[in-house]
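# Fold and geometry: a report
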Amino acid sequence: MSHRSCLVLLAALAASQVTQADALTAVQVLRQGGCGGLMPAAAPLHHNPLLDRAAERWASGLALSAAADGGGYPADATAGLRVSGPDDAIIKALRQSSCHTVTNHDWQEIGVYRRGSDNWLVLASRYTLPDPSQAPVLAARALQLVNQVRASGTRCGQRSFAPAPPVTLSMTLDSVALGHAADMAAHDYFEHQDLTGRSPAQRVQAVGYREKLVGENIAYGPKSIEEVVQGWLDSPGHCENIMDPRFAEMGVAYAPGQRSRRGLYWVQLLAAPRA
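To keep things clear, this report deals only with the structure shown in the data block. (Residues numbered from 1 in each chain as written. Predicted model: local features only at pLDDT ≥ 70, side-chain atom pairs only at ≥ 80, totals over all residues. Heavy atoms only, no water.)

## Observations regarding the overall build of the protein chain
- Looking only at helices and strands, the protein chain features eleven helices and eleven strands.
- Relative to a compact globule of 275 residues, whose C-alpha radius of gyration would be 19 Å, the protein chain shows 24 Å and is clearly more extended.
- Its C-alpha atoms give the protein chain principal-axis dimensions of roughly 80 × 40 × 35 Å.
- Across the 275 residues of the protein chain, 47% fall into the buried class.
- Looking at the protein chain alone, contacts between residues at least 24 apart form 72% of all its contacts between residues at least 6 apart.
- In the form shown here, the protein chain has an accessible surface area of approximately 13000 Å², with 53% of it arising from carbon and sulfur atoms.
- In the protein chain, the 24 positive side-chain charges and the 24 negative ones have mean positions that sit 3 Å from each other. (Helix = DSSP H or I, 4+ residues; strand = E, 2+ residues; numbered from the N terminus. Rg over C-alpha atoms; globule rule 2.2 N^0.38 Å. Buried < 20%, exposed > 50% of the residue type's maximum accessible area, 1.4 Å probe, protein only. Contact = heavy atoms within 4.5 Å. Areas by Shrake-Rupley, 256 points an atom, 1.4 Å probe, with all protein chains shown as cover. Lys, Arg positive; Asp, Glu negative; His and termini not counted. Charge placed at Lys NZ, Arg CZ, Asp CG, Glu CD.)

## Focus: unusual backbone geometry
- A positive phi angle is found at Cys 35, which is not glycine, with a value near 60 degrees.
- The backbone of Asp 188 sits at a positive phi, close to 55 degrees, despite the residue not being glycine.
- Tracing the backbone shows Asp 188 in the loop between helix H8 (171–187) and helix H9 (200–206).
- The exposure class assigned to Asp 188 is partly exposed, which follows from its relative accessible area of 30%.

## Observations regarding the sheet that holds strand E8 (residues 168–169)
- Strand order in the open sheet formed by four strands is E8-E10-E11-E9, and the pairing between neighbours is mixed. Here the strands that pair on one side only, and so sit at the sheet edges, are E8 and strand E9 (211–220).
- The strands that helix H7 (residues 135–152) touches are E8, strand E10 (249–256) and strand E11 (264–273); relative to E10, the one it contacts most, it runs at about 130 degrees.
- Against the sheet, helix H11 (residues 236–243) engages E9 and E11, with an angle of about 140 degrees to E9. (Pairing = 2+ DSSP bridges. Axes fitted to C-alpha atoms, helices over the stretch in contact; angles between N-to-C directions.)

## Things to note about the state of the cysteines
- The tally for this structure, following the rule as stated, stands at two disulfides.
- In this model Cys 35 forms its disulfide with Cys 99; the gap between the sulfur atoms is 1.9 Å. Between Cys 35 and Cys 99, the S-S dihedral sits near -80 degrees, and the bridge is therefore left-handed. One end of the pair, Cys 35, is in helix H2 (residues 34–37); the other, Cys 99, is in helix H6 (residues 99–102), and 64 residues separate them in sequence. (Disulfide = S-S within 2.5 Å.)

## Structural notes on the pattern of salt bridges
- For the coordinates displayed, the defined rule picks out nine salt bridges.
- Across the salt bridge formed by Arg 82 and Asp 118, the nearest N and O atoms sit 3.9 Å from each other. Here Arg 82 is found in strand E3 (residues 75–84), whereas its partner Asp 118 is found in strand E5 (residues 118–126), with 36 residues between them in sequence.
- Salt bridges sharing common partners tie together Asp 194, Arg 198, Arg 203 and Glu 216. (Salt bridge = Lys/Arg side-chain N within 4 Å of Asp/Glu carboxyl O.)

## Re the packing of H7 against helix H10 (residues 225–233)
- For the pair H7 and H10, interaxial distance at closest approach is 10 Å and the crossing angle is 35 degrees. Taken as a pair, H7 and H10 cross one another with a handedness that is right-handed. Contact residues: Leu 138, Arg 141, Ala 142, Leu 145 and Val 149 in H7; Ile 225, Glu 226, Val 229 and Leu 233 in H10.
- For the contact of H7 with H10, the residue count by class is seven nonpolar, no polar and two charged. (Left-handed = near helix turned anticlockwise from the far one by under 90°. Nonpolar A, V, L, I, M, F, W, Y, C, P; charged D, E, K, R; others polar.)

## Points about the packing of aromatic side chains
- For the structure on display, the rule yields three aromatic pairs.
- Taking the centre distance of 5.9 Å and the plane angle of 40 degrees together, the rings of Tyr 113 and Trp 120 count as tilted.
- Taken together, a centroid distance of 4.9 Å and an interplanar angle of 55 degrees make the contact between Tyr 220 and Tyr 265 tilted. Of this pair, Tyr 220 sits in strand E9 while Tyr 265 sits in strand E11, and the two are 45 residues apart along the sequence. (Phe/Tyr/Trp six-rings, centres within 6.5 Å; stacked < 30°, edge-to-face > 60°.)

## Side note on the layout of surface pockets
- Of the pockets and cavities examined, the largest pocket occupies roughly 230 Å³.
- Together, 13 residues line the largest pocket, and Ala 135, Pro 136, Ala 139, Asp 174 and Val 252 are the ones closest to its centre.
- Among the secondary structure elements, those contributing two or more residues to the lining of the largest pocket are H7, H8 and E10.
- Residue contributions to the lining of the largest pocket peak at five residues, all from H7.
- By residue class, the composition of the lining of the largest pocket is eleven nonpolar, one polar and one charged. (1 Å grid on protein atoms, 1.4 Å probe; cavity = no way out; pocket = protein on both sides within 12 Å on 5 of 7 lines; lining within 4 Å. Points joined across faces, edges and corners; volume = space filled by probe spheres on them.)

Structural data, given as structure tokens:
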């Protein structure tokens, strides 16, 4: 997953020998004091050595996002601050130019690299995955969300859909959805056709499911089932799959990316079984 990042470059007028603790302390003081009362106070950040490594890599010339990835930190978002000078000048510079960044409540951890009087600070939020044990709860919530919109009817782009009968969960479709999500995650691709050339219908047939019609929605990135279902509903083609009254069963699953993409791969299968 390519995480969000932002950079702020600061230079204090005075330059003298500083320690790693000075720059860290400046950030912690500004967070706890709400940047001198200008912003809401924020909790102190945890100092993470992996982010020290990321800060060093950023100082060497790497882009901030690449520095965090290469440093082994699973970042969801990062911000970089470069500042020079003694402790009081650093605090003043940060307070004048970067209060919003420093006191952002989304940040959880911090790292710093010092070279001479220059400090490179990396603030980050960690990317966390859903608890795998919650998969059945997630599937039940997905079913609830899908059946709510089917019960009320909705508009998919330019097409209006009347209410449709509810769908039920299928463990078989769940299993096929998980297989495709895991395959995309393991091999870093994002397609309805898998690497063996099979379509969603062919994957369903391969496990002995007798179908008349199969539809598939996929997504990459959302962290919650609410977010992914809403994303499908906001996309006309995906929404039409969800609202198709011919579908009677559903399966849904996710798998975490294993390579450059750390986000979640989601798969929803909808099917009309043969009588």
